[in-house]
Amino acid sequence: MPCIKPISDLRNYTEVLKDVDANSRVYLTRNGHGVYTIMSMEETDALDRLKAAHTVVGELKVAEARAESEGWFTDTEIQKEMEFEP
């Protein structure tokens, strides 16, 4: 069950932070509307990894669609492009 508290409870922030752990956020409200979320660093890191993975998958889909429409490179073409010539 979500932990929802009024933002005024932050006057005693140590009590609010006791309700935050890796699997539980605290939602803060102002005038009955949600305005902030407090979450653990572990959860923040996990969300950042998910966002990065989502971005990479999206970019790969765009690249694949482009390759399908414009054509794929062969191994030989890629190796030729990667050769270093001083």
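Our subject is the structure that appears above.
Quick notes on the rules
- Sequence positions are assigned chain by chain, starting from 1 and proceeding in written order.
- The model is predicted, so local features are restricted to residues of pLDDT at least 70 and side-chain atom pairs to those at 80 or more, both for listing and for counting; the totals for chains, interfaces and linings are taken over all residues.
- The basis for the side-chain values is all heavy atoms of the structure; hydrogens and waters are excluded.
- Numbering of helices and strands starts at the N terminus; helices are DSSP runs of H or I of at least 4 residues and strands are runs of E of at least 2.
- Accessible area is worked out with a 1.4 Å probe on protein chains only. A residue is then buried under 20% of its type maximum, exposed over 50%, and partly exposed in between.
- Here a polar contact is recorded for every N or O atom pair within 3.5 Å, except that within protein the pair must consist of a potential hydrogen donor and a potential acceptor, and residues adjacent in sequence are included only if both atoms are side-chain atoms.
- The criterion used for residue contact is that any of the two residues' heavy atoms lie within 4.5 Å.
- Residues enter a nonpolar core if they are buried and are Ala, Val, Leu, Ile, Met, Phe, Trp, Tyr or Cys, with the set joined through side-chain atoms within 4.5 Å.
- Pairing between strands is defined by DSSP: at least two bridges between them are needed.
- Axis definition: a line fit to C-alpha positions, over the contact stretch in the case of helices; interaxial angles, taken between N-to-C directions, run 0 to 180 degrees.
- Patch membership is restricted to residues that have no salt bridge and whose relative accessible area is over 30%. Joining uses 9 Å for like charges and 5 Å for the nonpolar side chains Val, Leu, Ile, Met, Phe, Trp and Tyr.
- All accessibility values rest on the Shrake-Rupley procedure with a 1.4 Å probe; residue burial counts only the protein chains present in the view.
- The working definition used for a salt bridge is a side-chain nitrogen of Lys or Arg within 4 Å of a carboxyl oxygen of Asp or Glu.

This next bit is on the environment of Gly71. Locating Gly71 in the fold gives a position in the loop between α2 (41–70) and α3 (75–82). Residue class for Gly71 comes out partly exposed when judged on its relative accessible area of 38%.

In this fold, Lys5 is placed in strand β1 (residues 3–6). A residue is classified by how much of its surface remains accessible, and Lys5, at 17% relative accessible area, is buried. In terms of polar contacts, Lys5 uses its side chain to reach the side chain of Asp19, at 2.9 Å. Those residues in contact with Lys5, other than ones at most four positions away along the chain, are Val16, Asp19, Val26, Tyr27, Leu28 and Thr29.

Here we take up unusual backbone geometry. In this structure, Asn31 takes a positive phi of about 55° despite not being glycine. Asn31 gets classed as exposed once you look at its relative accessible area, which sits at 73%.

Attention shifts here to the nonpolar core. Within the largest apolar cluster, 5 residues are counted, these being Cys3, Val16, Val20, Val26 and Leu28. Setting aside residues up to four positions removed in sequence, Cys3 forms contacts with Asp19, Arg25, Val26 and Tyr27.

All right, on to the side chain of Glu43 then. With respect to the secondary-structure elements, Glu43 resides in helix α2. Its relative accessible area of 14% is what places Glu43 among the buried residues. Within polar-contact distance, the side chain of Glu43 engages the side chain of Arg25 at 2.6 Å. Not counting chain neighbours up to four residues away, the residues in contact with Glu43 comprise Asp21, Ala22 and Arg25.

The next subject is the sheet that holds β1. The strand order β1-β2-β3 describes an open sheet built from 3 strands, whose pairing is mixed. Pairing within the sheet leaves two strands with one partner each, and these edge strands are β1 and β3 (33–38). Between one strand axis and the next, the sheet turns by 35° as a mean value, whatever way the strands run. Here β1 runs beside strand β2 (residues 26–30); their pairing, made up of 4 bridges, is parallel. When the bridges of β2 are listed, Cys3 appears paired with Val26.

Glancing now at a nonpolar patch on the surface. A surface patch of nonpolar side chains, about 280 Å² in accessible area, is lined by Leu10, Tyr13 and Leu17. What makes Leu10 partly exposed here is its relative accessible area of 32%.

Function cannot be inferred from these measures alone, as they are strictly geometric.
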